Amino acid sequence: MQVMDQIPSGRLSPVPAERPHILTLRVPELQRIPQIDGLRAIAILMVFAAHAFAIPLSWMGVDLFFVLSGYLITGILLRLKENRTSGGSYWRSFYFRRIRRILPPYIGFLVVLSFVFRVPWARIWYWYIFFAPNIPLALGKVVVAGMGPLWSLGVEEQFYFVWPWLVLACSREALRRVVLAIIVISPLLRAISTPLFSTHFPIYSLTIFRADTLAIGAFIAVATTGDPQWIGRHWRAALSSSALALALLMGFSFLPSFRAGSNSIFFNSAAYSFSAIFFGSILICALGARPRFLHTFLTTRLLRYLGLISYTFYLYHEAVLLKVGQYVHSSPILIALVAFVVTFLISLLSWHLIEAPILGRSARKLAVALRSKPGATGVILCPVESGKA
């Protein structure tokens, strides 16, 4: 999704990152956590598989984007809040960077989509201008299928509007209690609300029902910001939790009622919570670089590069799948292969020709600002880099 900022594990380097060449698939190193790029790639591959092949449990890919967003955005906000005491900007820094990261690819996608599909903007424009594209999905009013993935951007954008206020208003301990309350209350709210809806889409797409995935990531950010050794003490428990959550998801998936489309109280209350716990636990393991094979896998060059361009890939992938399907009729595998290549090329060009040039200057300004503060560590805003998301 669209969260591209990263939290460094060490001291800021005084040397700005080199912009990656369009043909090298190199990933810029400025203040990036390489494992998170790898996790983004896993998320976008799962989302693509869900839409191309309807692979069981691949619907969870978007939840991984949410967990990453909760972690990164909360960490960024905590650092901005800390810097306010020394005259740093909180609101301007956060929203200016969000606008620069999110809007150029988003606007570009809507323009391209208008040329490729017949989009009745006169009837739907307000959902997409006022950051509420998840509401049409909840109401069953998505009139252009290629716009379906935008629902998760609505969830994240609404999160951006609400969460900075809570982070600013709460102490770290109070914020920890808030995120724990959200994690506990969300499945109860989904269970209570399920009978109110005839389809699963409101529970699936409305922010109030998906808040626990964001809160899991936020909890990890709060815990690690206050205690640098927290990851090291908890990665083994996280590994066990991820295995248990995945086992429960796979075991229950054989039940007809354990499907998103079933709109059952059981699925709505439990499945999304299991998914959030699974990916939150995987994030803890990835941040701790344990087990070693996971770290090695997540930091491979191609996987990291796919994670780098995952936001634009997410925007275009379903529209490209639909368009390719109109011309390629031989097999779903061929359709998916062609669509993947086309979407990858679109995302590559968007990153190098539009996104990186816009974001590069901010990266240099950030390096200068933080270099002037001795020992600056912790949450770093790195514009040259989502969740998607």
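For the structure, see preceding data.
All of the points below concern the structure found in this document. It should be emphasised that the depicted structure is a prediction, and the values quoted were computed from it without experimental measurement.

Some thoughts on the overall build of the protein chain
Across its full length, the protein chain carries 15 helices and zero strands. For the protein chain, with 389 residues in total, the buried portion stands at 55%. Summed over its atoms, the accessible surface of the protein chain is roughly 16900 Å², and 69% of this surface lies on carbon and sulfur atoms.

Quick word on the pattern of salt bridges
Side chains carrying opposite charge are able to pair once their charged atoms draw close together. Summed over all chains, the structure comprises nine salt bridges. Taking the shortest distance from any N to any O, the salt bridge between Arg101 and Glu355 comes out at 2.8 Å. Residue Arg101 is located in helix α3 (residues 91-116), and its partner Glu355 is located in helix α15 (residues 332-371); the two are separated by 254 residues in the primary sequence. The pair formed by Arg101 and Glu355 is uniform in burial state, with each residue classed as buried. Within this structure, Asp37, Arg40 and Arg304 form a network of salt bridges that share partners.

So, a nonpolar patch on the surface
A contiguous nonpolar patch, built from Leu334, Leu337, Val338, Val341, Val342 and Leu345 and spanning about 450 Å² of accessible area, is present on the exposed surface. Here Val338 is to be found in helix α15.

Some thoughts on the nonpolar core
Formed by 110 residues in total, the largest nonpolar core has its most connected members in Tyr71, Met147, Leu150, Ile220 and Leu283. Ranked by residues supplied to this core, first place goes to helix α11 (residues 265-287) with 14 residues.

Side note on helix α2 (residues 61-84)
Here α2 spans 35 Å end to end across 24 residues, near enough to the 34 Å set by a 1.5 Å rise per residue. Of all 24 residues making up α2, 21 are buried, and the element is well covered by its neighbours.

What about the packing of α3 against helix α6 (residues 150-169)?
If you want to describe how two helices pack, look at the angle between their axes and the distance between the axes. At their nearest, the axes of α3 and α6 sit 12 Å apart, and the two run at 175° to each other. For the element pair α3 / α6, the angle class is roughly antiparallel. The residues of α6 that touch α3, namely those facing Trp91, Phe94, Tyr95, Arg98, Ile102, Tyr106, Phe109 and Leu110, are Leu150, Leu153, Glu157, Tyr160, Phe161, Pro164, Trp165 and Leu168. The residue inventory of the contact of α3 with α6, partitioned by class, reads 14 nonpolar, no polar and two charged.

Description of the packing of aromatic side chains
Taken as a whole, this structure holds 32 aromatic pairs when the rule is applied. Seen from their ring centres, Phe252 and Phe274 are 6.4 Å apart, and the 10° between their planes marks the pair as stacked. Placement of Phe252 in helix α10 (residues 230-252) and of Phe274 in helix α11 is noted, with a sequence separation of 22 residues between them. Of the residues examined, Phe252 reaches a relative accessible area of 27% and is grouped as partly exposed. Relative to Phe344, the ring of Tyr305 has its centre 6.2 Å away and its plane inclined at 45°; by these criteria the two rings are tilted.

Observations concerning helix α13 (residues 301-308)
In terms of burial, α13 is a largely internal element, six of the eight residues being buried. Those residues of α13 that sit buried are Leu303, Arg304, Tyr305, Leu306, Gly307 and Leu308.

Things to note about the environment of Trp230
Mapped onto the elements, Trp230 comes out in helix α10. Sequence-distant contacts of Trp230, defined by excluding residues within four places in its chain, comprise Phe219, Ile220, Ala223, Thr224 and Ile284.

Regarding the environment of Tyr314
If you trace the backbone, Tyr314 turns up in helix α14 (residues 310-327). Taking relative accessible area as the criterion, Tyr314 reaches 2% and is therefore assigned buried. Counting along the chain gives 164 residues from Tyr314 to Leu150, while the straight-line C-alpha distance between them is 8.8 Å. In terms of polar contacts, Tyr314 uses its side chain to reach the side chain of Ser152, at 2.7 Å.

Points about the packing of α3 against α14
Contact geometry for α3 and α14: axes closest at 9 Å, N-to-C directions at 10°. Between α3 and α14, the crossing angle belongs to the class labelled roughly parallel. Each of Arg101, Ile102, Pro105, Tyr106, Gly108, Phe109, Val112, Leu113 and Val116 in α3 lies in contact with α14, whose residues at this interface are Tyr311, Thr312, Leu315, Tyr316, Ala319 and Lys323. Split into classes, the residues belonging to the contact of α3 with α14 amount to eleven nonpolar, two polar and two charged.

About the thresholds
Residues numbered from 1 in each chain as written. Predicted model: local features only at pLDDT ≥ 70, side-chain atom pairs only at ≥ 80, totals over all residues. Heavy atoms only, no water. Helix = DSSP H or I, 4+ residues; strand = E, 2+ residues; numbered from the N terminus. Buried < 20%, exposed > 50% of the residue type's maximum accessible area, 1.4 Å probe, protein only. Areas by Shrake-Rupley, 256 points an atom, 1.4 Å probe, with all protein chains shown as cover. Salt bridge = Lys/Arg side-chain N within 4 Å of Asp/Glu carboxyl O. Patch = residues over 30% accessible without salt bridge, like charges linked within 9 Å, V, L, I, M, F, W, Y side chains within 5 Å. Core = buried A, V, L, I, M, F, W, Y, C linked by side-chain atoms within 4.5 Å. Expected span 1.5 Å × (residues − 1). Axes fitted to C-alpha atoms, helices over the stretch in contact; angles between N-to-C directions. Parallel < 35°, antiparallel > 145°, perpendicular 65-115°, else oblique. Contact = heavy atoms within 4.5 Å. Nonpolar A, V, L, I, M, F, W, Y, C, P; charged D, E, K, R; others polar. Phe/Tyr/Trp six-rings, centres within 6.5 Å; stacked < 30°, edge-to-face > 60°. Polar contact = N/O pair within 3.5 Å; in protein donor to acceptor, adjacent residues only side chain to side chain.

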